[in-house]
Amino acid sequence: MSAILILTPLIIGAGWPAVTAAAAGAAVALGLTVRATAREGIAAAEEETAVKNSVELEVKNSEVLGNVRTEQQIVLRAKDGVEVRVKRDARGRCVVCASGKGKTKAELKAFAEQFTDRMTQCFVYNRVMTELKAKGFQVMSEERAKDETMNIRVRQWEA
Amino acid sequence: MPQRDVEISISKTGEVKVHLKGIKGKSCLKFGAFMAEVVGKVKSQQLTSEFYEPEEKAAIRLEQKQGK
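Owing to the predicted nature of the structure, the values given are computational and were not obtained by experimental measurement. (Residues numbered from 1 in each chain as written. Chains lettered and ligands numbered in written order. Predicted model: local features only at pLDDT ≥ 70, side-chain atom pairs only at ≥ 80, totals over all residues. Heavy atoms only, no water.)

**So, the overall build of chain A**
- Across its full length, chain A holds three helices and 10 strands.
- Here chain A, with 159 residues, has 44% of them falling under the buried criterion.
- A separation threshold of at least 6 residues defines the contact pool for chain A, and within that pool the share at least 24 residues apart is 64%.
- Accessible surface computed for chain A: about 8,200 Å², of which carbon and sulfur atoms make up 50%. (Helix = DSSP H or I, 4+ residues; strand = E, 2+ residues; numbered from the N terminus. Buried < 20%, exposed > 50% of the residue type's maximum accessible area, 1.4 Å probe, protein only. Contact = heavy atoms within 4.5 Å. Areas by Shrake-Rupley, 256 points an atom, 1.4 Å probe, with all protein chains shown as cover.)

In structure tokens, the structure reads:
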């Protein structure tokens, strides 16, 4: 053994495509489907959600790069009618908003937190794998544990 | 050829535990800094005995004897 490091993830300096990829990964894992990414679809979704309960969470330690004039959003829908919107706010922070008819604020908050955690995990996974492969590491094994932890073992042979 | 093994655990909240194996001395710190740059900030770091072992270095010593 050489060292053990515990690292806290930062979603800083990330581009919108990387956030979208992580949101899509979290959506697949939690059984959501992409409802709209285009501006028109989002406008229609906003009209509908006006009568629903909604909860908004800011993703911790996030700062997404992009043009402040361009609204960047992805709308996802769960089977039970809960809708999740991931967007970049005016300050560049990544925000997750969960809404749904007949759902309490507590239920929506719990769902938004679960989605945010999974999205962060997907973001970190994508980033770590890309950077390690670029450094010449080979993936020896990869598995998801019962507690949802992703365990990855990589190896590099020194020349 | 020496090998470097890295075990990475990404928790469901995105916190990352990196276990470096076979990386000694300064190389270990360098790789740790790289991982911190990729993931975020270091919450804790624990160095193990292997860290203090000297880094392996290969050297060839050439000698030429001159005949009289």
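Next comes the rest of the description.
**Some thoughts on the pairing of strand β1 (residues 3-10) of chain B**
- Note: strand β10 (residues 150-157) of chain A against β1(B), eight bridges, orientation antiparallel. What sits directly across from A:R155, in β1(B), is B:D5.
- Sheet analysis places β1(B) next to strand β2 (residues 16-21) of chain B, joined by six bridges and oriented antiparallel. Looking at β2(B), one finds that B:I8 is bridged to B:V18.
- As consecutive antiparallel partners, β1(B) and β2(B) are separated by five residues, and within that stretch B:G14 has a phi angle of approximately 95 degrees, a positive value. (Pairing = 2+ DSSP bridges.)

**Some thoughts on the interface of chain A and chain B**
- The interface of chain A with chain B comprises 36 residues on the first partner and 45 residues on the second.
- Carbon and sulfur atoms supply 60% of the area buried between chain A and chain B, which totals about 4,000 Å² over both sides.
- Ranking the residues of chain A by area buried against chain B places A:S2, A:L5 and A:L7 at the top, with a combined share of 20%.
- At the surface where chain A touches chain B, the tally comes to one salt bridge.
- When the shortest N-O distance is used, the salt bridge between A:R155 and B:D5 registers 2.6 Å. (Buried area = accessible area lost by both parts, 1.4 Å probe. Salt bridge = Lys/Arg side-chain N within 4 Å of Asp/Glu carboxyl O.)

**A word on the layout of surface pockets**
- The computed volume of the largest pocket comes to approximately 290 Å³.
- Taken together, 13 residues make up the lining of the largest pocket; nearest its centre are A:K60, A:T116, A:D117, A:T120 and B:T13.
- Listing elements by their share of the lining of the largest pocket, those giving two or more residues are β1 (3-9), β4 (53-58) and α3 (105-134) of chain A.
- In terms of residues, the lining of the largest pocket owes the most to one element, α3(A), which gives four residues.
- Across the lining of the largest pocket, the residue classes tally to three nonpolar, five polar and five charged. (1 Å grid on protein atoms, 1.4 Å probe; cavity = no way out; pocket = protein on both sides within 12 Å on 5 of 7 lines; lining within 4 Å. Points joined across faces, edges and corners; volume = space filled by probe spheres on them. Nonpolar A, V, L, I, M, F, W, Y, C, P; charged D, E, K, R; others polar.)

**Some details on the sheet that holds strand β3 (residues 40-47) of chain B**
- The six strands are arranged β9(A)-β10(A)-β1(B)-β2(B)-β1(A)-β3(B) in an open sheet whose pairing can be described as antiparallel. The sheet terminates laterally at β9 (138-144) of chain A together with β3 of chain B, the two strands that pair on one side only. Neighbour-to-neighbour, the strand axes of the sheet open up by a mean angle of 15 degrees, direction not taken into account.
- Pairing geometry for β1(A) and β2(B), over five bridges, is antiparallel. Residue pairing for β2(B): A:L7 is matched across the bridge by B:V16.
- This element, α3(A), spans β1, β9 and β10 of chain A together with β1 and β2 of chain B of the sheet and lies at about 165 degrees to β9(A).
- Strands in contact with helix α1 (residues 25-39) of chain B are β1 of chain A together with β1, β2 and β3 of chain B; relative to β3(B), the strand with the most contacts, it is inclined by about 150 degrees. (Axes fitted to C-alpha atoms, helices over the stretch in contact; angles between N-to-C directions.)

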